[in-house]
Amino acid sequence: MIALFLRISNHSRRDSMSSSRISKKKLKSEKDRVYAEKKKINKEYTEASEGKTVRIKINAIKEMKQFTGTFHCYEVETFLGKKYGKALLRYSMFADFNKKLVAFYKEQGKSSLIENIPSLPSAKSKLFGAHDLDFIRDRKASLQTYLDIVSKLPEVWKCEAFRKLLEVGA
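Conventions and cut-offs
Residues numbered from 1 in each chain as written. Predicted model: local features only at pLDDT ≥ 70, side-chain atom pairs only at ≥ 80, totals over all residues. Heavy atoms only, no water. Pairing = 2+ DSSP bridges. Helix = DSSP H or I, 4+ residues; strand = E, 2+ residues; numbered from the N terminus. Axes fitted to C-alpha atoms, helices over the stretch in contact; angles between N-to-C directions. Contact = heavy atoms within 4.5 Å. Buried < 20%, exposed > 50% of the residue type's maximum accessible area, 1.4 Å probe, protein only. Phe/Tyr/Trp six-rings, centres within 6.5 Å; stacked < 30°, edge-to-face > 60°.

What follows covers the sheet that holds strand β3 (residues 83–89). Pairing in this open sheet of 3 strands is antiparallel, and the strands run β1-β2-β3 from one edge to the other. Only two strands of the sheet have a single partner each, and these edge strands are β1 (54–66) and β3. On average, adjacent strands in this sheet sit at an angle of 15 degrees to one another, irrespective of strand direction. The pairing of β1 with strand β2 (residues 69–80) spans 12 bridges and is classified as antiparallel. Residue pairing across strands places Ile61 opposite Tyr74, the latter belonging to β2. Helix α2 (residues 91–107) contacts β2 and β3 of the sheet and is inclined by roughly 115 degrees relative to β3.

See the structure below:
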């Protein structure tokens, strides 16, 4: 009886081990598929960005109202080859992206490129004129310059955070 119990428990162990092997195989194939997809996307964006069809323009400034008050968004239009993106971005989104871009270059082992990333225009306190129209127009011009420089950085189109920021796919 004990021998029968051991045989049954051994079979169940082998079954669970073979199912874990299957799971590992599925997981590996899924990782390979995702890797291949990312590689394909990176290649598409690199090829498109190496052409002369990249255009990023801040078209408008929109005042948005929320229950906590008003804030401004910048309407950014992006043409990258045949891809098109349109996004409403707050200043804080640019600041978050800037941090992600630095991290991206560090992960790629290209820390020397970090010094080429332009600085963002200063963040002005909401208490001291953040809603002043001249300030907002100046910031728009500075952000446009920032985007123009960043879009020409090496391998920036491989950075998923950049594509998500501009909403041209990720």
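With respect to the element layout, Asn98 can be found in helix α2. Leave out the neighbours within four places in its chain, and Asn98 touches Ile117, Pro118, Leu120 and Tyr146.

Take unusual backbone geometry next. For Glu155, which is not glycine, the phi torsion reads 60 degrees and is therefore positive. By secondary structure assignment, the location of Glu155 is in the loop between α3 (133–150) and α4 (160–166). With relative accessibility at 27%, the residue Glu155 sits in the partly exposed group.

Now for the packing of aromatic side chains. The tally for this structure, following the rule as stated, stands at 5 aromatic pairs. With 5.0 Å between their ring centres and 50 degrees between their planes, Phe79 and Tyr84 make a pair best called tilted. On the basis of relative accessibility, which here comes to 27%, the residue Phe79 falls in the partly exposed class. In this structure Tyr84 comes out as partly exposed when scored by relative accessible area, which is 40%. Ring centres 6.5 Å apart and planes at 85 degrees place the aromatic pair Phe94 and Tyr146 in the edge-to-face group. Separated by 52 residues along the polypeptide, Phe94 in helix α2 and Tyr146 in helix α3 bring together distant segments of the chain. Taking relative accessible area as the criterion, Tyr146 reaches 2% and is therefore assigned buried. Three or more aromatic residues joined by ring pairs make a cluster, and in this case those are Phe97, Trp157 and Phe162.

Our focus in this paragraph is the pairing of β3. Strand direction decides the pairing type here: β2 and β3, joined by 7 bridges, are antiparallel. Counterpart to Phe79 in the pairing with β3 is Tyr84. Linking two consecutive strands that pair antiparallel, namely β2 and β3, is a turn of 2 residues; a positive phi of about 60 degrees is found at Gly81 within it.

Read these as spatial facts, not as claims about activity.
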